[in-house]
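# Tertiary structure, described
Chain by chain, the residues run as shown.
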Amino acid sequence: MRVLSVNVAVPQTLVAGNLVVQSAIRKHPVEGPVMVRRTNLDGDPQGDLRVHGGEKKAVYAYPSEHYDFWRRDLGRELPFGIFGENLTTEGIVDSEVFIGDRFQIGSAILTVTQPRTPCYKLATRLEYQPILERMYSEQRHGWYMSVAQEGTIAAGDEIRLIDRVPNSITVLELISVWMGHDLSPELLERTLALDLSPKWKDKIAMRAKV
């Protein structure tokens, strides 16, 4: 498992229909080591802190394996970073990543916190409106991570699993609960025991009461 590309961007104006917002989704690969801090990478401030960034979503990773699918699906080349990810990875995908997994990458230590739930900004960036529904149906989300230890990350760095939370669930299982597709008591119990953000915890708790 390794990092293929480290991607950053500063907020820019993004026009989505009648909306004009500031967004840092137009990320591009950078060379050399990049400092990873508690809430973001150097050179990568979030454009809208109401829905992006913060300690639970400091770093976003997206598997390069998904790029092959989307290139075929959209019929065009897609450069790394176009999904708004900070880290384009190789050798690991959503079904193999567990909430709470702790990875050593470069000199940084990152902890998996939640899947990415796409919004209209991604559709605007790709100029492909169906991407929101397609990402859910194809189960190609990527995952957010918090920063347990600040450090530098560069393209080519190994991704090394150093700790896994016992009885955790995968990124895809959490999406399945979030969407209400799998509400089995055993999975709900395991999900509610995890260290999730209040938004996710509240939504899952509501699911459990249905």
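In what follows, the structure referred to is the one given above.
For clarity, every value in this text was computed on a predicted model and none was experimentally measured. (Residues numbered from 1 in each chain as written. Predicted model: local features only at pLDDT ≥ 70, side-chain atom pairs only at ≥ 80, totals over all residues. Heavy atoms only, no water.)

## Concerning the packing of helix 4 (residues 171-178) against helix 6 (residues 198-209)
This is how it is decided: Simply put, an axis is a line fit to the C-alpha atoms, just over the touching stretch for a helix, and the angle between two N-to-C directions goes from 0 to 180 degrees. The way it works is that DSSP assigns letters per residue, a run of H or I at least four long becomes a helix, a run of E at least two long becomes a strand, and they are numbered from the N terminus. Roughly parallel covers angles under 35 degrees, roughly antiparallel covers those over 145, roughly perpendicular covers 65 to 115, and oblique covers all other angles. Here, residues are in contact when the closest pair of their heavy atoms is within 4.5 Å. Following the grouping adopted for this structure description, the nonpolar residues are Ala, Val, Leu, Ile, Met, Phe, Trp, Tyr, Cys and Pro, the charged ones are Asp, Glu, Lys and Arg, and the polar ones are all others, Gly among them.
For the pair helix 4 and helix 6, the least separation of the axes is 9 Å and the interaxial angle reads 60°. Classified by the angle their axes make, helix 4 and helix 6 are oblique. Contacts between helix 4 and helix 6 involve Leu-174, Ile-175, Val-177 and Trp-178 on the former and, on the latter, Lys-199, Trp-200, Lys-203, Ile-204 and Arg-207. In terms of residue class, the contact of helix 4 with helix 6 is made up of six nonpolar, no polar and three charged.

## Regarding the environment of Glu-96
Inspection of the secondary structure puts Glu-96 in the loop between strand 7 (87-90) and strand 8 (102-105). Once the C-alpha coordinates of Glu-96 and Leu-172 are considered, the two residues, 76 residues apart in sequence, prove to be 8.7 Å apart. Those residues in contact with Glu-96, other than ones at most four positions away along the chain, are Gly-91, Asp-101 and Arg-164.

## Examining the side chain of Ser-168
Rule in force here: Each residue is assigned to one of three classes by its accessible area relative to the maximum for its type, calculated with a 1.4 Å probe on protein chains only: buried under 20%, partly exposed between the two thresholds, exposed over 50%. Two N or O atoms count as a polar contact when they lie within 3.5 Å, although within protein this holds only if one can serve as hydrogen donor and the other as acceptor, and sequence-adjacent residues are included solely when both atoms are side-chain atoms.
With respect to the element layout, Ser-168 can be found in the loop between strand 12 (159-163) and helix 4. The buried category is assigned to Ser-168, whose relative accessible area is 3%. A distance of 2.5 Å separates a polar atom in the side chain of Ser-168 from the backbone oxygen of Ile-99. With residues up to four places along the chain from it excluded, the contact list for Ser-168 reads Phe-98, Ile-99, Arg-190 and Leu-194.

## Topic: the pattern of salt bridges
Rules: By definition, a salt bridge exists where a carboxyl oxygen of Asp or Glu is found within 4 Å of a side-chain nitrogen of Lys or Arg.
Tallying each qualifying case throughout the model produces 10 salt bridges. Between Lys-56 and Asp-195 there is a salt bridge whose closest N-O contact spans 3.3 Å. Of this pair, Lys-56 sits in the loop between strand 5 (34-36) and strand 6 (59-63) while Asp-195 sits in the loop between helix 5 (185-192) and helix 6, and the two are 139 residues apart along the sequence. For Glu-138, the salt bridge goes to Arg-134, with nearest N and O atoms at 3.1 Å. Of the two residues, Glu-138 and Arg-134 both sit in helix 3 (residues 131-138), four residues apart, roughly one turn of that helix. Under the relative-accessibility criterion, Arg-134 is labelled partly exposed at 22%. Here the salt bridges share partners, and the residues they tie into one network are Asp-68, Arg-71 and Glu-77.

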